[in-house]
Amino acid sequence: MSVKIAPSILSADFARLGEEVRAIDAAGADYIHIDVMDGHFVPNLTIGPAVVKALRPFTTKPFDVHLMIEPVDPYIPAFVEAGSDIVTLHAEATRHLDRSLQLIRSLGAKAGVSLNPATSEQVLTYVLDKIDLILVMSVNPGFGGQSFLPSALEKIAAIRRMVGDRPIDIEVDGGVTAANAADVREAGANVLVAGSAVFRTSDYRANIAALR
Ligand code: DX5
Ligand code: ZN
């Protein structure tokens with residue numbers, strides 16, 4: 001299975017975000033991963049819909065928007081209108097996961113569900129037909145540059161068995177490096193998010209290629 005690389009702009013230079021998005025596009029990014037944090041669901045604050053909208057003209061690649069916010073439903077329309085292609089919310093941040101997923105698709109975007117490290121994949125069982133992407137957190141969300149939690153590998157494998165050949169992306173996020181990318185793929189993931197591993201040096205093309 002071919003792998004997609006989704007650089008997380010959380011590790012980019014925020015003073016030059018548009019140029020950074022253009023640079024990772026040119027360097028071979030498949031998705032542009034945008035981390036949205038609210039200082040409540042996670043202990044950090046980042047980007048809102050106005051920034052997503054401002055970045056939209058800088059690339060035609062899909063915007064893979066990772067919402068780490070609670071509540072989440074009231075903000076979904078603004079992120080879709082801003083140009084998000086995939087909207088991923090946390091299963092832990094919505095009381096009615098089925099309803100939130102239906103809302104995303106009803107607005108014309110792809111629907112993703114993310115699971116924190118301690119959350120079981122069982123929450124996905126009855127909503128598989130409403131999901132386009134499953135995001136397995138391999139760190140506790142909130143910050144870039146943390147170490148990969150090995151328990152994510154077992155969860156990815158369980159999700160791969162659950163998903164079978166349905167057209168659902170299995171994405172892994174947190175601490176992904178060239179050193180563990182092969183393990184993550186072998187476990188069954190087909191989209192790798194990487195922040196520090198892509199932005200650690202100015203040669204984004206080489207860093208993305210190393211992950212592939
Ligand atoms: C963490 C974010 C990640 C983060 C990954 O809460 O969801 O997308 O930017 O950064 P690295 O690849 O540095 O762990
Ligand atoms: Zn993320």
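Check the entry above for the structure.
Summary of the structure given here. All of these numbers come straight from a predicted model, not from anything done at the bench.

Residue placement: isoleucine 104 occurs in helix H4 (residues 97-106). Separated by 84 residues in the primary sequence, isoleucine 104 and glycine 188 have C-alpha atoms spaced 25 Å apart.

Time to look at the coordination of the zinc ion (ligand 2). The zinc ion (ligand 2) binds to the protein through His33 (NE2), Asp35 (OD), His66 (ND1) and Asp173 (OD); the donor distances cover 2.0 to 2.3 Å. Coordination at the zinc ion (ligand 2) comes from six donor atoms whose angles at the metal span 69 to 169°, giving a geometry best classed as octahedral. Between the donor residues of the zinc ion (ligand 2), the gaps in sequence give the motif H-x1-D-x30-H-x106-D. Placement of aspartate 35 in strand S2 (residues 32-37) and of histidine 66 in strand S3 (residues 63-68) is noted, with a sequence separation of 31 residues between them.

Turning to helix H1 (residues 17-26), its buried residues are Leu17, Gly18, Glu20, Val21 and Ile24. Buried residues of H1, viewed axially, fall in a sector of 165°; they line one side. Considering only its buried residues, H1 is in contact with strand S1 (4-7), S2, helix H2 (49-55), helix H7 (196-199) and helix H8 (204-211).

Attention now goes to empty space enclosed by the protein. As enumerated under the stated definition, the model contains one cavity of 30 Å³ or more in all. Estimated volume of the largest cavity: approximately 30 Å³. Every residue along the wall of the largest cavity is listed here: Pro117, Val136, Met137, Ser151, Ala152 and Lys155. At the level of secondary structure, the elements contributing two or more residues to the lining of the largest cavity comprise strand S6 (133-137) and helix H5 (151-163).

With respect to spatial proximity, 20 residues lie near ligand 1, and among them Asp35, Asp173, Gly175, Gly195 and Ser196 are the closest. Within the side chain of serine 8, an N or O atom sits 2.9 Å from an oxygen atom of ligand 1. Alone, ligand 1 offers 380 Å² of accessible surface; in the complex the protein occludes 100% of this. Taken atom by atom, the bulk of ligand 1 overlaps the largest pocket. Among the elements of the structure, S2, S3 and strand S8 (191-194) are those that each provide at least two residues to the shell around ligand 1. Sorting elements by how many residues they give to the shell around ligand 1 places S2 first, with three residues. Across the shell around ligand 1, the residue classes tally to eight nonpolar, 10 polar and two charged.

Right, let's get into the pairing of S2. Counting buried positions along S2 gives six out of six residues, so the element sits mostly inside the fold. Taking every second residue as pointing to the same face, both faces of S2 are buried, with Ile32, Ile34 and Val36 on one and His33, Asp35 and Met37 on the other. Between S2 and its parallel partner S3, the chain crosses via H2, and the hand of that crossover is right-handed.

Cut-offs and rules
- Residues numbered from 1 in each chain as written.
- Chains lettered and ligands numbered in written order.
- Predicted model: local features only at pLDDT ≥ 70, side-chain atom pairs only at ≥ 80, totals over all residues.
- Heavy atoms only, no water.
- Helix = DSSP H or I, 4+ residues; strand = E, 2+ residues; numbered from the N terminus.
- Donors = N, O, S within 2.8 Å, 3.2 Å for Na, K, Ca; no water.
- Tetrahedral: all angles 85-135°; square planar, octahedral: opposite > 155°, others 65-115°.
- Buried < 20%, exposed > 50% of the residue type's maximum accessible area, 1.4 Å probe, protein only.
- Arc of directions from axis to C-beta.
- Contact = heavy atoms within 4.5 Å.
- 1 Å grid on protein atoms, 1.4 Å probe; cavity = no way out; pocket = protein on both sides within 12 Å on 5 of 7 lines; lining within 4 Å.
- Points joined across faces, edges and corners; volume = space filled by probe spheres on them.
- Near = heavy atom within 4 Å.
- Polar contact = N/O pair within 3.5 Å; in protein donor to acceptor, adjacent residues only side chain to side chain.
- Areas by Shrake-Rupley, 256 points an atom, 1.4 Å probe, with all protein chains shown as cover.
- Sits in = over half its atoms within 2 Å of the grid points.
- Nonpolar A, V, L, I, M, F, W, Y, C, P; charged D, E, K, R; others polar.
- Right-handed = clockwise from strand over helix to strand, strands pointing away.

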